[in-house]
Structures are given as structure tokens and as C-alpha cells.
Amino acid sequence: MYAFIAILLTTDLAFRSLFESLASSKLRRLILFENFAQQYALAFMDTFFGCSPIRIPTSDVSCTVAKASLKLEYLSASFIVDASYFFHACEPHWMWPSMTSLTLTSQLLTPDESPIEIDNMLQKAAAVAMKMPNLKSMEIWNGREGLAALFRYQLTGEGQPAVLTWRGTWQFTLRAPIVQAWEAVALKNCSHKSIVVEEMLDAGVVVKSHGDAIYHL
């Protein structure tokens, strides 16, 4: 287990160094996808006793990516970053003048997590979106074996209302404070309030992996 932790720490340190170097670059689009296989990890549980079959993002890496995102137009960071850490790291004075699309994953999006924690994250996401005057889309999602969830804010066209979508394998209601926070974003960005769409995935859908989750979401 100690060897496994040492590998993760070394990997995260390398990630932080890489993303810190991007903050001063002219990069405008960044796509990060840390792949994993739950069954592969389970095969090594005897060797690395106590390790999780799912990669646990760290706050340090998420914070570094948040800082590197300020000049970006497009950011998609899946599994290597957690949205809750990303939004928590954002300073009140930060602005994203060019950001049009932001996609993040969060392990908070599970039926076992506190709805209050999920609410808080989605409201923080709205507060950050207020600093993105050109934002067209923000997605926060999660997927693994047996689970898929997506929260999406999207502008649908000139003169049209924004759309808030929740889609997943379990019921989750976008409560009034969340809707109000995102309505404020919509009013600022397109002068129209948002409409809410809540969908359950079909009962027959079998989510075998995060790849399946992406397909169904």
C-alpha cells in the first residue's frame, strides 16, 4: 500500500508541475482525461491492500488546473480533477474572460453523497460561472460501473433561454437555490432565465464503466 501511495504522490507532483507550466502559456484549449479500469485495479487489491479501485483526485492538482484555466477558452478535465476542489480553489477576484466551455467530473455526484454537499457544489459552480462572461456550456458529470450522472448548463441560441439539465441513474431534484443561482448566470449571459430538465436514464440501461456512462449521458 505504501508503494502505491508513493506512486500516486509522485504522479500528482508531476501533474502539478505540468499544469503550473501551462498557466503562463498561450494554450487556449485543454482536454484532460485520466482513464481507469475498476476491474484492473481490483486484480491488484492483494498487493496494494486498502487502495481504492477508483482514482481519488487530489485538491492540489485540482487547484493547479483551476489556476491554469484562467486564460483558456475550453477546458475538459475528467477524473484527474474533481469539480468540488476546482470550484473551492477559485479566488473571488478571478475572471475567465475567454472561457466558453467547461467540463469537469465530481465524485460527489453519487446517490450516497449528501444532497446538501451536491447543492453547495452546484451553487459554487454558478458563482464561478458568473465570472465567465462568454460561457456557453458547463457540465459536471460522474460515471463508473452502475452509475452515471450529469449536470449541464447550456445556452441554446440567441434569444433563447438557457437550459439546466440533470440526467442520471438516480433521482435528484435541482432545488430552488440551485435553479435561482443559475438563473442569475443565464440572465447575465443571455438575458433569459433558464428552464429545468430532469431525466432518469431508462430502467434497462446497464452502466458497465465510465465509458458506458459517457455514451448514455
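## Some words on the packing of aromatic side chains
Two aromatic rings, taken as a pair, are described by how far apart their centres are and by the angle between their planes.
Link 1 in the chain: As enumerated under the stated definition, the model contains eight aromatic pairs in all.
Link 2 in the chain: Residues Phe86 and Phe87 carry aromatic rings whose centres are separated by 5.6 Å and whose planes lie at 85 degrees to one another, so their mutual orientation is edge-to-face. The same class applies to Phe86 and to Phe87, which are both buried.
Link 3 in the chain: Judged by centre distance (4.9 Å) and plane angle (50 degrees), the rings of Trp166 and Phe172 are tilted.
Link 4 in the chain: For Arg29, the ring lying beneath its charged end belongs to Tyr74, and the centroid distance is 4.2 Å.

## Observations concerning the pattern of salt bridges
Link 1 in the chain: Following the criterion strictly, the structure yields two salt bridges and no others.
Link 2 in the chain: One salt bridge connects Arg175 with Asp119, and the closest N-O pair in it is separated by 2.9 Å. Separated by 56 residues along the polypeptide, Arg175 in the loop between strand E6 (162–168) and helix H6 (176–190) and Asp119 in helix H5 (residues 115–129) bring together distant segments of the chain.
Link 3 in the chain: On the basis of relative accessibility, which here comes to 31%, the residue Arg175 falls in the partly exposed class.
Link 4 in the chain: What makes Asp119 buried here is its relative accessible area of 12%.
Link 5 in the chain: As a salt-bridge pair, Glu139 and Arg152 come within 2.8 Å of each other at their nearest N and O atoms. Taken as a pair, Glu139 in strand E4 (residues 137–144) and Arg152 in strand E5 (residues 147–154) lie far apart in primary sequence, 13 residues in all. Here Glu139 and Arg152 have matching classes, each one buried.

## Structural notes on unusual backbone geometry
Link 1 in the chain: Residues other than glycine seldom take positive phi values, yet Phe79 does so here, at roughly 75 degrees.
Link 2 in the chain: Inspection of the secondary structure puts Phe79 in strand E2 (residues 74–82).

## Looking at the sheet that holds strand E7 (residues 194–200)
Link 1 in the chain: What the seven strands build is an open sheet, ordered E1-E2-E3-E4-E5-E6-E7; its pairing is mixed. The outermost strands of the open sheet, each flanked by one partner alone, are strand E1 (29–33) and E7. Each neighbouring strand pair of the sheet contributes to a mean axis angle of 10 degrees, computed without reference to strand direction.
Link 2 in the chain: By the bridge criterion, seven bridges tie E6 to E7 in an arrangement that is parallel. When the sheet's bridge partners are listed, Gly168 is paired in E7 with Met200.
Link 3 in the chain: Together, E1 and E2 form the strand contacts of helix H3 (residues 59–68), whose direction differs from that of E2 by roughly 175 degrees.
Link 4 in the chain: Sheet contacts for H5: E4 and E5; angle to E4, the most-contacted strand, approximately 150 degrees.

## As for H5
For the α-helix, the turn length of 3.6 residues means that residues three or four positions removed from each other point alike.
Link 1 in the chain: With 15 residues, H5 ought to run about 21 Å at 1.5 Å a step, and its terminal C-alpha atoms sit 21 Å apart, in line with that.
Link 2 in the chain: Listed in full, the buried residues belonging to H5 are Ile118, Asp119, Met121, Leu122, Ala125, Ala126, Val128 and Ala129.
Link 3 in the chain: Here the buried face of H5 lies against helix H4 (83–89), E4, E5 and H6.

## Some points on the nonpolar core
Link 1 in the chain: Counting residues in each nonpolar core, the largest one holds 51 residues, and the members touching the most others are Phe86, Phe87 and Trp182.
Link 2 in the chain: With sequence-adjacent residues up to four places away left out, Phe86 is seen in contact with Ser62, Val65, Ala66, Ser69, Leu75, Val81, Leu102 and Leu104.

## A short note on the side chain of Asp82
Link 1 in the chain: As for its position among the elements, Asp82 is in strand E2.
Link 2 in the chain: Exposure remark for Asp82: the relative accessible area of 5% places this residue in the buried category.

## Re the state of the cysteines
Link 1 in the chain: Here the structure, examined in full by the defined rule, presents zero disulfides.
Link 2 in the chain: Left without a disulfide partner, Cys63 is nearest to the cysteine sulfur of Cys90, which lies 8.4 Å away.
Link 3 in the chain: For Cys90, a relative accessible area of 14% corresponds to the buried category.

Definitions and cut-offs
Residues numbered from 1 in each chain as written. Predicted model: local features only at pLDDT ≥ 70, side-chain atom pairs only at ≥ 80, totals over all residues. Heavy atoms only, no water. Phe/Tyr/Trp six-rings, centres within 6.5 Å; stacked < 30°, edge-to-face > 60°. Buried < 20%, exposed > 50% of the residue type's maximum accessible area, 1.4 Å probe, protein only. Lys NZ or Arg CZ within 6 Å of the ring centre and 35° of its normal. Salt bridge = Lys/Arg side-chain N within 4 Å of Asp/Glu carboxyl O. Helix = DSSP H or I, 4+ residues; strand = E, 2+ residues; numbered from the N terminus. Pairing = 2+ DSSP bridges. Axes fitted to C-alpha atoms, helices over the stretch in contact; angles between N-to-C directions. Contact = heavy atoms within 4.5 Å. Expected span 1.5 Å × (residues − 1). Core = buried A, V, L, I, M, F, W, Y, C linked by side-chain atoms within 4.5 Å. Disulfide = S-S within 2.5 Å.

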